[in-house]
Amino acid sequence: MDKKIAKNRIEKLKQEIDYHRRQYHVYDRESISVSALDSLKMELFRLENEFPEFISADSPTQRVGGEALAKFQKVTHRRPMISLYDAFSEEDMRDWEKRNINYLAERGESLSSLYYCELKLDGLAANLRYEKGIFVQGATRGDGQIGEDITLNLRTIESLPLRLFKPAEKELVALGLKEKDIKNLFYLLAEGVIEVRGETIMSKQTLAALNKQYALEGKPLLANTRNGAAGSLRQLDPQIAAERHLEFYAYDLILGDYERGEIVLSRAAADKLVELLGFKRVRDNKLCHGLAEVFVFQRYWEKNKDKLPFFIDGVVVKYDDLSLWPRLGTVGKAPRYMVAYKFSAEQATTKLIDVVWQVGRTGVLTPTAILEPVKVGGVTIGRSTLHNLDEIERLGLRLGDTVIVERAGDVIPKVVAALPNLRTGKEKVIQAPVHCPRCGAEISRLGDDVAYRCLNKNCYAVALRRLGHFVAKGALDIEGLGPKIVEQLVNEGLLEDVADIFALRREDLIGLNGFAEKKAEKLVAAIKSRQEVALSRFLFALGISHIGEESAQTIAVYLSKFLSSPIGRPQELLRVAKKCRLDDWSALADIGPVVAASLFNFWHSQETAALFTKFEKSGLSLLLPLPASGALAGKTFVLTGSLNSLTRQEAKDKIKAKGGKTQESVSRLVDYLVVGEAPGSKLREAEKLGVKILTETEFLKLIQ
Ligand code: IVH
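So, here is what we can say about the structure in this document.

Focus: the overall build of the chain
Next up, step 1: Helix and strand counts for the chain stand at 26 helices and 29 strands.
Next up, step 2: Taking 27 Å as the expected radius of gyration for a compact globule of 704 residues, we find that the chain reaches 37 Å, considerably beyond that expectation.
Next up, step 3: Oriented by its inertia axes, the alpha-carbon framework of the chain measures out at about 120 × 65 × 50 Å.
Next up, step 4: Within the chain, buried positions represent 49% of all 704 residues.
Next up, step 5: Look at the contacts in the chain between residues 6 or more apart in sequence, and 69% of them connect residues 24 or more apart.
Next up, step 6: For the chain, the accessible surface area stands at approximately 35,100 Å², while carbon and sulfur atoms represent 53% of it.
Next up, step 7: Here the chain contributes 102 positively and 94 negatively charged side chains, and the mean placements of these two sets differ by 3 Å.

Below, the structure is given as structure tokens:
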């Protein structure tokens, strides 16, 4: 081929290949198939081989090539690569803004509140130098003044242009650039120096794919995307960087010198300009009017960061007016102009207070760590599952240890490590229980199963039924604690017995599947509202065999004679009830020998004792029934049909509140039958027996 034709063809091929590179790596558009692009690259490669005098630094064939380096050269940054100040709360952000307002006010200047918010990518910062539009040097941040020359590694990154693209004039006008600035930019592209700074990262997808491959090859795995990116850029052999498919996202552009304010543009426009020059940029960056909008942006990304293809650890908040950068100056090493508003730490250290064992549906015992409450990932954590005894052994946990807890994204918080160097010697070894902590049955570990199991098949079902009964209507009637939620909380290890309900805290619930902050708070409030509960309801809720609502009421009236009025404490109730002999119980109305035995056994069981210790601790108070001096004292009511102004439960409560009693079936001993709409057979029965019949209006008058 003729030399001139070859030169021409090489130039055309370079441009064509770069065009498709930009489409693919900057705009995520596949304008040509990978194989077609490869074929263009192959042609270029052959031509360059034939005419090596036409190989240039901006050729796509030059992304990887040459020997590994013996060591990195040092590079002095033209403008120091500063660091950023961190803010961790809205308060920190307000302080930052206030300080800036004051700083400028002292100089007779004012401050705009237009912010450009950017995602803070977690990788390795790099400075790219383009001379006459060609990539000539890339460097790490180093100490901020002097970095290392990692040009060869950076060249392997496809989303990094080897030659800057020249934007069309009208695109620049659209960005708000003045004619003189456009001219200046074109000059810098053709003759001058342009520097671009940004973050080199590895996507989560690449990390996963590489680790899968490394695992097959028996190579050590990459810990995270940050190490994946930083580690390979610091390797002397560019082949390693090429293999890791890194990406470069630009976040700063040095056109001349901001300090001299050569090219005037807003930060938002600068962000768009890097894209026109051929770089990938973060499309989710956003202009925010005032800090309130900044907070919304930061909160949104804290919650949704997992949806991004790369890791971010916060947002960087900058003034949109770039002229503020030099005007605001620096404090220490960081500029006042911008701040890193970080997400809450995903790891924190705390104390392991206890390990409790929960029993699951299949009888498997799962240990749960009880932790000194600690804030991590934006929420307070007080407990976390430890899965099984093997996990406890793997982590080498002891009771009393200082541990690291992690809450990454929406993942359930977990203990990831113990810090044995911080031990005092008082820590205790954690052992599996010998008996089921719920039903007391035997426990075994089957074969080489890692799990311990309770051998009582009914253990889980009985617990669920007990809990469900305790919170149901007629019992404690706790809103928002239906059977599904009860089961969820049992499975999460939060509920083992009914007394655990009162120990539920907001921070135990937040983060569980389906529990946002509001729902958690509502449930805790509903539980709290039942901390003072009528003794009769409480007795019924306990689910003592054969004790229904009516007999619970009889028992409540009986026991309340021995309790301090008007409120009894759980331990006091237990003490009094334990004193009752079988005969005392069976002497009560409607209580036969079987029910009396059930009562006697209940009050004397160890389980009950343990339960009441917990009730006492939870601050439960029992409202004693009014002495039989209420307006309806000694009167027995039966209800039939539905009432208009009250639910049946409300009607029953009203009757009880006035000293009356209710029961389900009509007998000669019943004083009143209250008849609502669509009454049942009770009405006929009452008429037959001569029981007094009340309409709803008459009933309401009576209970007034
Ligand atoms: S501007 C070199 N903007 O965060 C300082 N930095 O904690 C440039 N980073 O090492 C500051 N995303 O590499 C800026 N949108 C962004 C950024 C960002 C990530 C990194 C940066 C720096 C670190 C500071």
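Observations regarding the sheet that holds strand S10 (residues 312-319)
Next up, step 1: Strand order in the open sheet made by the 5 strands is S2-S13-S10-S3-S9, with mixed pairing throughout. The open sheet has two edge strands with one neighbour each: strand S2 (85-87) and strand S9 (286-289). Going across the sheet, the axis of each strand differs from the next one's by a mean of 35°, ignoring polarity.
Next up, step 2: Two strands pair when backbone bridges link them, and strand S3 (residues 114-121) and S9 are joined in this way by 4 bridges, in the antiparallel orientation. Paired with Tyr116 across the two strands is Leu287, which belongs to S9.
Next up, step 3: Most of the contacts of helix H10 (residues 267-276) go to S3, to which it runs at about 45°, and overall it touches S3, S9 and S10.

Quick word on the environment of Ser586
Next up, step 1: Within the secondary structure, Ser586 sits in helix H21 (residues 582-586).
Next up, step 2: Owing to a relative accessible area of 33%, Ser586 belongs among the partly exposed residues under this scheme.
Next up, step 3: Each C-alpha atom of the pair Ser586 and Leu599 lies 9.6 Å from the other, and the pair is 13 residues apart in sequence.
Next up, step 4: The residues contacting Ser586, other than those within four sequence positions of it, are Ile591, Gly592 and Ala596.

A closer look at helix H24 (residues 648-657)
Next up, step 1: The set of residues buried in H24 consists of Gln649, Ala651, Lys652, Ile655 and Lys656. Buried positions in H24, seen along its axis, are confined to an arc of 160° and lie on one side of it.
Next up, step 2: On the buried face of H24, the contacting elements are helix H18 (535-541), helix H19 (549-560), strand S26 (636-640), strand S27 (661-662) and helix H26 (696-703).
Next up, step 3: Gly659 occupies a position one or two residues after H24 and carries a positive phi of about 90°.

Some words on the pattern of salt bridges
Next up, step 1: In this structure the tally under the stated criterion is 45 salt bridges.
Next up, step 2: A salt bridge links Glu53 to Lys3, with the nearest nitrogen and oxygen atoms 3.0 Å apart. Here Lys3 lies in helix H1 (residues 3-25) and Glu53 lies in the loop between helix H2 (34-50) and strand S1 (74-76), a separation of 50 residues in the sequence.
Next up, step 3: In the salt-bridge network here, residues are joined through shared partners; they are Glu118, Arg267, Asp271, Glu275, Arg281, Arg283 and Lys318.

As for the nonpolar core
Next up, step 1: Formed by 91 residues in total, the largest nonpolar core has its most connected members in Phe470, Leu542, Trp585, Trp603 and Phe615.
Next up, step 2: In terms of residues, this core owes the most to one element, helix H14 (residues 459-471), which gives 6 residues.
Next up, step 3: In contact with Trp585, not counting residues within four places along its chain, are Ile555, Tyr558, Leu559, Ala577, Cys580, Ile591, Ala596, Leu599, Phe600 and Trp603.
Next up, step 4: In terms of nonpolar packing, the next biggest core, distinct from the first, is built from 78 residues, Leu175, Ile201, Cys288 and Leu291 among them.

Points about the site of the ligand
Next up, step 1: As a structural note, the neighbourhood of the ligand is formed by Ile82, Leu84, Glu118, Leu119, Lys120, Leu121, Ala125, Glu199, Tyr251, Val316, Lys318 and Met338.
Next up, step 2: The backbone of Leu121 places a nitrogen or oxygen atom 3.2 Å from a nitrogen atom of the ligand.
Next up, step 3: Protein burial of the ligand: of its 500 Å² of free accessible surface, 88% is covered by the chains.
Next up, step 4: For the shell around the ligand, the elements supplying multiple residues, two or more each, are S3 and S10.
Next up, step 5: Ranked by residues supplied to the shell around the ligand, first place goes to S3 with 4 residues.
Next up, step 6: For the shell around the ligand, a count of residues per class yields 8 nonpolar, no polar and 4 charged.

Focus: the pairing of strand S16 (residues 379-385)
Next up, step 1: Two strands pair when backbone bridges link them, and strand S15 (residues 364-376) and S16 are joined in this way by 6 bridges, in the antiparallel orientation. Paired with Ala369 across the bridge in S16 is Ser384.
Next up, step 2: Between S15 and the antiparallel strand that follows it, S16, lie 2 residues; Gly377 among them carries a positive phi value of about 60°.

Here's the deal with the sheet that holds strand S25 (residues 621-623)
Next up, step 1: The 3 strands are arranged S23-S25-S24 in an open sheet whose pairing can be described as mixed. The two strands at the open ends of the sheet, each matched to only one other strand, are strand S23 (532-534) and strand S24 (567-568).
Next up, step 2: As paired elements, S23 and S25 share 3 bridges and run parallel to each other. Bridge pairing in S25 links Glu532 to Ser621.

Description of the packing of aromatic side chains
Next up, step 1: Within the structure shown, the criterion is met by 25 aromatic pairs.
Next up, step 2: Plain terms: the ring middles of Tyr115 and Tyr319 are 4.9 Å apart, the flat faces sit at 40° to each other, and that makes the pair tilted. On the criterion of sequence distance, the pair formed by Tyr115 in strand S3 and Tyr319 in strand S10 is long-range, its members being 204 residues apart. Of the two residues, Tyr115 and Tyr319, neither departs from the other in class, the shared state being buried.
Next up, step 3: Taken together, the ring pairs in this structure connect Phe470, Phe502, Phe538, Phe602, Trp603, Phe612 and Phe615 into an aromatic cluster.
Next up, step 4: The positively charged end of Arg22 is found above the aromatic ring belonging to Phe165, 3.5 Å away from the centroid.
Next up, step 5: One residue, Lys166, lies across the ring of Phe186, its end atom 4.5 Å from the ring centre.

Quick word on unusual backbone geometry
Next up, step 1: The backbone of His245 shows a phi angle near 45°, a positive value even though the residue is not glycine.
Next up, step 2: Structurally, His245 is set in the loop between helix H9 (238-243) and strand S8 (247-255).
Next up, step 3: Despite not being glycine, Asp477 shows a phi value in the positive range, around 50°.
Next up, step 4: Position of Asp477 among the secondary structure elements: in the loop between H14 and helix H15 (483-491).
Next up, step 5: With a relative accessible area of 23%, Asp477 lands in the partly exposed category.

Description of the environment of Leu188
Next up, step 1: Its location among the elements puts Leu188 in helix H6 (residues 179-190).
Next up, step 2: Each C-alpha atom of the pair Leu188 and Gln663 lies 93 Å from the other, and the pair is 475 residues apart in sequence.
Next up, step 3: Leu188 has contacts with Lys132, Val193, Ile194, Leu255, Gly256 and Ile263, leaving out every residue within four places of it along the chain.

Some details on the packing of helix H3 (residues 90-105) against helix H11 (residues 291-304)
Next up, step 1: Two elements in contact, H3 and H11, have axes whose closest approach is 11 Å; the angle formed by their N-to-C orientations is 145°. Handedness of the crossing formed by H3 with H11: right-handed. Listed contacts from H11 to Glu90, Met93, Arg94 and Glu97 of H3 are Leu291, Val294, Phe295 and Arg299.
Next up, step 2: Residue composition of the contact of H3 with H11, grouped by class: 4 nonpolar, no polar and 4 charged.

Parameters and conventions
- Throughout, residues of each chain are indexed from 1 in the direction in which the sequence is written.
- Residue-level local features of this predicted model are given only where pLDDT is at least 70; pairs of side-chain atoms are given and counted only at 80 or more, and the full residue set underlies all totals for whole chains, interfaces and linings.
- Hydrogen atoms and water are omitted, and side-chain values are computed over all heavy atoms in the structure.
- Helix and strand assignments come from DSSP, with helices taken as H or I runs of at least 4 residues and strands as E runs of at least 2, each series counted from the N terminus.
- Restricting the calculation to C-alpha atoms gives the radius of gyration, and the globule rule supplies 2.2 Å times the number of residues raised to the power 0.38.
- Under the scheme applied here, a residue whose accessible area is under 20% of the maximum for its type counts as buried, over 50% as exposed, and between as partly exposed, the area being computed with a 1.4 Å probe on protein chains only.
- Contact definition: two residues touch when any of their heavy atoms are within 4.5 Å.
- What sets the accessible areas is the Shrake-Rupley method with a 1.4 Å probe; for residues, cover comes only from the shown protein chains.
- Under the counting rule used here, the positive set is Lys and Arg, the negative set is Asp and Glu, and His together with the chain ends is not counted.
- In plain terms, the charge of a residue is placed at NZ if it is Lys, CZ if Arg, CG if Asp and CD if Glu.
- In this scheme, strands are said to pair when DSSP sees at least two bridges between them.
- Axes here refer to lines fitted to C-alpha atoms; in helices the fit is confined to the stretch in contact. Angles between the N-to-C directions go from 0 to 180 degrees.
- The directions considered for the arc are those from the helix axis to the C-beta atoms.
- We count a salt bridge whenever a side-chain nitrogen from Lys or Arg sits within 4 Å of a carboxyl oxygen from Asp or Glu.
- Side-chain atoms within 4.5 Å link the members of a nonpolar core, which is a set of buried Ala, Val, Leu, Ile, Met, Phe, Trp, Tyr and Cys residues.
- By convention in these notes, a residue is near a molecule or strand provided one of its non-hydrogen atoms lies within 4 Å of it.
- As used in this structure description, the phrase polar contact means that two N or O atoms lie within 3.5 Å; if the pair is within protein, one of them must be able to donate a hydrogen and the other to accept it, and residues adjacent in sequence are counted only when both atoms belong to side chains.
- Residue classes follow a fixed rule: Ala, Val, Leu, Ile, Met, Phe, Trp, Tyr, Cys and Pro count as nonpolar, while Asp, Glu, Lys and Arg count as charged, and any other residue, Gly among them, counts as polar.
- Ring pairs are drawn from Phe, Tyr and Trp, using the six-membered ring of Trp, whenever the two centres fall within 6.5 Å, and their geometry is named by plane angle: stacked under 30 degrees, edge-to-face over 60, tilted for the rest.
- Both a distance and an angle decide whether a charge sits over a ring: NZ of Lys or CZ of Arg must be within 6 Å of the ring centre and within 35 degrees of the ring normal.
- Crossing handedness: left-handed means the near helix sits turned counterclockwise from the far one by under a right angle, and right-handed means the same turn made clockwise.

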